[in-house]
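# Overview (structure and organization)
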Amino acid sequence: MEFDFEALPPRDRYRLLCSFVAPRPIALVTTCGSDGTANAAPMSFFNVFSQDPPIVILGIQTRPDGTEKDTIRNIRRSGEFVVNLCDMAIAQQMVDCGHPFAEDVDEIVLTGLSHAPSLKIAPPRVAEAPASMECRLSQSIDYPNRAIVLGEVVQMHVRDACLDADGHYVRPEAYQPIARLHAENYIVADRQFVLTESADLSDRPRR
């Protein structure tokens, strides 16, 4: 099948892109409202794009009525946010944080999660998350119905059990993140395998 994205309605483009660009990691993003209330929202339009500088990217869509969501408004105002990574232990709470609560509702507390203080920025992180990244806004790119947010990671918190003794390598039996496939379908990284380049390539010249 062929699909002309210049003619295809946005909803059909969304279905195709989200169904085939998968699985996508999930960021449970925490920010602070203007009155200091914590906000938490899950996002699967998320990934890491650079280590030098350390940059993560979020894609934040507007509400159906065209207004901006609390997360992007908070990021624009404060320039700060936390990316909390998710595993099965907080999967249901992550989904529940996506409910369109009022601006003055603290989704972290309401869903049964807990605040943990960040070290360099104001928004709290989620204590139960296996890893959290404190971020400062680097730049944003605005489209009519979506903002692309580039955040620079300034501090990372990792649960001790998720790393080896030297703190260099992830222990796959301890860190099994969940990711989104399509619609309400998710997957967990509990079946990992090692894959290296073919042995017959080892003698080929390298650049």
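In what follows, the accompanying structure is described. (Residues numbered from 1 in each chain as written. Predicted model: local features only at pLDDT ≥ 70, side-chain atom pairs only at ≥ 80, totals over all residues. Heavy atoms only, no water.)

It is worth spelling out the side chain of aspartate 87 at this point. Considering the arrangement of structural elements, one finds aspartate 87 in the loop between strand E6 (80-85) and helix H3 (91-96). Given the relative accessible area of 8%, aspartate 87 is considered buried. Contact partners of aspartate 87, with chain neighbours within four places excluded, come to Pro130, Arg159, Gln176, Pro177 and Ile178. (Helix = DSSP H or I, 4+ residues; strand = E, 2+ residues; numbered from the N terminus. Buried < 20%, exposed > 50% of the residue type's maximum accessible area, 1.4 Å probe, protein only. Contact = heavy atoms within 4.5 Å.)

Attention now goes to unusual backbone geometry. In this chain, alanine 22 is followed by proline 23 through a cis amide linkage whose omega measures 0 degrees. Checked against the element boundaries, proline 23 lands in the loop between helix H1 (10-20) and strand E1 (24-25). Following aspartate 52, the chain continues to proline 53 via a peptide bond in cis, the omega torsion being 5 degrees. Although it is not a glycine, alanine 183 adopts a positive phi angle of roughly 50 degrees. As for its placement among the helices and strands, alanine 183 is situated in the loop between strand E11 (178-180) and strand E12 (186-188).

Turning our attention to the pairing of E6. Note on strand geometry: in a regular strand, side chains alternate between the two faces of the sheet. Buried residues dominate E6, accounting for six of its six residues. Side chains Glu80, Val82 and Asn84 of E6 all project onto a buried face; the interleaved residues Phe81, Val83 and Leu85 project onto the opposite face, where all are buried too. Here strand E2 (residues 27-32) pairs with E6 via four bridges, running antiparallel. Residue pairing across strands places leucine 28 opposite asparagine 84, the latter belonging to E6. The pairing of E6 with strand E9 (residues 131-143) spans five bridges and is antiparallel. By the bridge assignment, valine 82 is partnered in E9 with glutamate 134. (Pairing = 2+ DSSP bridges.)

So yeah, pure geometry; function would need other evidence.
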